[in-house]
Structures are given as structure tokens and as C-alpha cells.
Amino acid sequence: MPLEGGLYQWAKLAFNDFVAFMVAWNLWVFAISILAGIGLTVTTNMSYAIGPHAAWMKESTLIITVVSCVLVVAMMLAATRGLGLGKWVHNAGGLMLIITFAALILLPLFGLVRGTIGQYHPFAIRIPTFSAYNLNVGSKLALGALTGFEYIAILAGETKSPARNIGRSVIIAAPIIAAMFILGTGSVLAFVSPNDVDLIGPIPQVLSIGFGSFGWVGKVVSLAILGVVVRQIALMSIYFAGNTRLPMVAGWDRLLPGWFTRLHPGYKTPVNSILFVGATTLILGLLSLTGVGAQEAFQLLDNAGGVFYAATYLVLFAIPLFGMKAFGVKAPVWLKVACASGFVVSVIYIGFTVVPIIEVESRLRFAVKIISVVVLANAIGVTVYMLGKRRGV
């Protein structure tokens, strides 16, 4: 169903307005939490590109703040211009990602030739130990690495032949993405032990280590890492653009004030929604830096955002399981089995979000922060919905 708003519209047709609004709300808050960490991510990658003497940048609140402000303003301007400009930003990011991953994947091969690493087995198969830690990491991989295809459907109304083109893009991209993650993870583990991986910038970390022994060739690493920066900015631009459309479609249904539906006279983009999302992103990003280190701030944003995202996936998987009657279509058995699996993994992910995979100052405080953020955000969402329904009546 190629409708502007994507999953919001699907949930509304399959279930009801409340489920749809809460799906859109959680997806919106998820993107806000991820966008809020863009200053951390880009600053970390830039520090790797500059070199070891710039390592201090990763923990500099001032630098992260300045970078966050510049990037949020740039994303607001790009979102105002719409996909006419945004698609070129996204395409540039995709191209840089492919080039960077090619360098990352080839790096262990150069290491083997030069003797800087002893072994490299990217396709080694081993049954993982059934443990709470592995379930934790496995669920994070599932929700963090193998998701996102539904996001561009939010912009279906601005896309040519969305049902055909988005579907084809998934079929083409899925196996490529799987290969990139498998080979890329193999490269990371060839140079860095799991406990020493930089969660914010693992690719720049490995490129720095791997190319560090190549003499003049090592200078290439700076360009490769800058490619990671471009890719990250492009990805955040996609999230930002999609996130500004959700308040607009909720405003169309009178669940949010009509203020959010105001369009730019020339570009026909939701300028007020863009302004609101930009301000919220910046405020949350700066608040996340108070009282914690960069790695812990990133984990807090990532885990809390993951709960919101997993909640939307629960509904996405529930549509073929329980909501197809509304469309007069019966879901095939294979689709139900796949959705049941995805539903269970999403539940496991939500359960493990309060457990950090890095050392933090207080595990209890970490858990309380995430639970508080999730509960408070959804309580606000319910309140906004009730006010919207009352206003609509």
C-alpha cells in the first residue's frame, strides 16, 4: 500500500487509529533518539580521520555540541528542499558506504599478505553458546542490522511507482547487505577483539588499525573514514526526512494540530514539522551528554531508541498475523511463520535493552534511565492522542 506515512497508514487500516498513532509515535521517537546521537557519531569518526592526536575530540562536549548544531541545521534545510535534493545526499552516502566497505572487506587480505594478522575466517560457522549475553547481542543485531526497509515507505507519496520500486530495491539490496555485514564483521574481528570494539565508530577504528602499518598508503584511511562520515550523515538525513512526515500525516487525521501540516509554498514540504523535529533532536542530543561518557551516552540513546523501534516492529509483524482480515486477504503460512519469528525476536530485544553490553558507571541507573524514558515517552504519546481525538471531535 504505497501511502504517504507507510506503517502508520498500514496499522490504521489493519487495526485502528490508536494503534496507528502509537506506532507513528514510537517510530518518531526512535528516529529522534537516533538522530540525537549524530553529533557523537560524526565527531568520533572525524577524530579517527584526523589521527591519534585528535582522540580527545570524542569526549569533548563542546565539539560534539557544535557538530550536532551544524548537522541538525543542515538536515533541516535538506528536508525543506525535499527528496529533489535529499535523494542526492542519500545516493552520495550509499556510494561512499560501498567504497568504504570495500576497503574494510579487503583490509584483512592485505593483512594476511603482509603478515600483520595471523588468520582470517569470515565464513567460519560455529553454533553460539546459549547465554543471556549472546541473546542480548543477537537481538541487537536483528533489530539494528537487519531492519529499515519499511522506513522509506513513509515517503511513498513522494516516490515514483513506490510499490514496484521499493519492493525491487528490497530484493536487490537484502543479499548485498547480508554479505556486507558478514564480511565487515569478519574484518573487524580480524583486527580488534570483541571487548575492544568502539561501539560508536567500529569501521573507522579498524581502518585506522589496519592501514596504520601501510606507510603512505595509510593516508588513504582518512578519506575512507570521511566516507563513513558522509554515509552516516546521509542515513540520518533519511531518518530526519521520514520523521518530519509522520507529524504531518497525523495532522491530516486531526490527531495533531493542523500547525504540523503547513507546507512550504514552493517545495511543498512540512516546514513547521521540520522545525519541530529539528529542535527536539538537538535538545535531546545535548541532554544525553549530561553526566555520562560518550560511549554510555551512545548506549543510552541506542537502547532507548531500540525499544521504540522494536515496538513498531511488533505491530508490523502483527499485521500479517492478526490484521489481514481488514484487507480481505489471507496471509500465506510462510509469511506467518516469518512474522512470528520476527515478533518473538522483537520481544527478546525489548527485554534486553536494559542490559548494557559495555561497562557503565551504574547498571541499575542505566536500566532506570531507559525504562523511565520509554514509559514517559509513551505516556506523552497516549496523552497527545487523547487530546487529538478530543480536538477532532
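Scroll up to find the structure this text is about.
Heads up: these notes are all about the structure in this document. (Residues numbered from 1 in each chain as written. Predicted model: local features only at pLDDT ≥ 70, side-chain atom pairs only at ≥ 80, totals over all residues. Heavy atoms only, no water.)

Our focus in this paragraph is unusual backbone geometry. Look at Ser161: it is not a glycine, yet its phi comes out positive at around 45°. Assignment of secondary structure puts Ser161 in the loop between helix H6 (132–145) and helix H7 (162–191). Overall, the relative accessible area of 38% leaves Ser161 in the partly exposed class. Phi is positive for Arg254, which is not a glycine, with a value near 65°. Note that Arg254 resides in the loop between helix H9 (220–252) and helix H10 (271–287). (Helix = DSSP H or I, 4+ residues; strand = E, 2+ residues; numbered from the N terminus. Buried < 20%, exposed > 50% of the residue type's maximum accessible area, 1.4 Å probe, protein only.)

Glancing now at the pattern of salt bridges. Note that side chains of opposite charge can pair when their charged atoms are close. Tallying each qualifying case throughout the model produces 1 salt bridge. Put simply, Asp253 and Lys12 hold a salt bridge, and the shortest N to O gap is 3.0 Å. Here Asp253 is found in the loop between H9 and H10, whereas its partner Lys12 is found in helix H1 (residues 7–14), with 241 residues between them in sequence. (Salt bridge = Lys/Arg side-chain N within 4 Å of Asp/Glu carboxyl O.)

Running from amino to carboxyl end, helix H3 (residues 38–50) crosses helix H4 (residues 61–81) at an angle of 115°, the nearest separation of the two axes being 8 Å. Regarding the angle of H3 to H4, the classification is roughly perpendicular. For the element pair H3 and H4, the recorded crossing hand is right-handed. Here Ile38, Gly39, Leu40, Val42 and Thr43 of H3 lie close against H4, whose contacting residues are Ile63, Ile64, Val67, Ser68, Leu71 and Met75. The residue makeup of the contact of H3 with H4, split by class, is 8 nonpolar, 3 polar and no charged. (Axes fitted to C-alpha atoms, helices over the stretch in contact; angles between N-to-C directions. Parallel < 35°, antiparallel > 145°, perpendicular 65-115°, else oblique. Left-handed = near helix turned anticlockwise from the far one by under 90°. Contact = heavy atoms within 4.5 Å. Nonpolar A, V, L, I, M, F, W, Y, C, P; charged D, E, K, R; others polar.)

Let's shift gears to helix H2 (residues 17–36). Taking 1.5 Å per residue as the helical rise, H2 with its 20 residues ought to reach 28 Å, and the 28 Å between its terminal C-alpha atoms agrees with that figure. Across the 20 residues of H2, 17 count as buried, placing the element largely inside the fold. For H2, the N-terminal capping position is held by Asn16, with its side-chain oxygen 3.1 Å away from the main-chain nitrogen of Phe18. (Expected span 1.5 Å × (residues − 1). Polar contact = N/O pair within 3.5 Å; in protein donor to acceptor, adjacent residues only side chain to side chain.)

Before going further, it helps to spend a moment on the packing of aromatic side chains. Taken as a whole and judged by the stated rule, the model has 10 aromatic pairs. Note on Phe21 and Trp25: the rings are 6.2 Å apart at their centroids and 20° apart in plane angle, and the pair reads as stacked. With Phe21 and Trp25 both in helix H2 and 4 residues apart, the pair spans about one turn of that helix. Overall, Phe21 belongs to the buried group, its relative accessible area being 2%. Ring centres 5.1 Å apart and planes at 85° place the aromatic pair Trp259 and Phe260 in the edge-to-face group. Given the relative accessible area of 41%, Trp259 is considered partly exposed. In this structure Phe260 comes out as buried when scored by relative accessible area, which is 10%. Taken together, the ring pairs in this structure connect Phe18, Phe21, Trp25, Trp28, Trp259, Phe260, Phe276 and Tyr385 into an aromatic cluster. In this arrangement the basic side chain of Lys140 is found over the ring face of Tyr349, its NZ or CZ atom lying 5.8 Å from the centre. (Phe/Tyr/Trp six-rings, centres within 6.5 Å; stacked < 30°, edge-to-face > 60°. Lys NZ or Arg CZ within 6 Å of the ring centre and 35° of its normal.)

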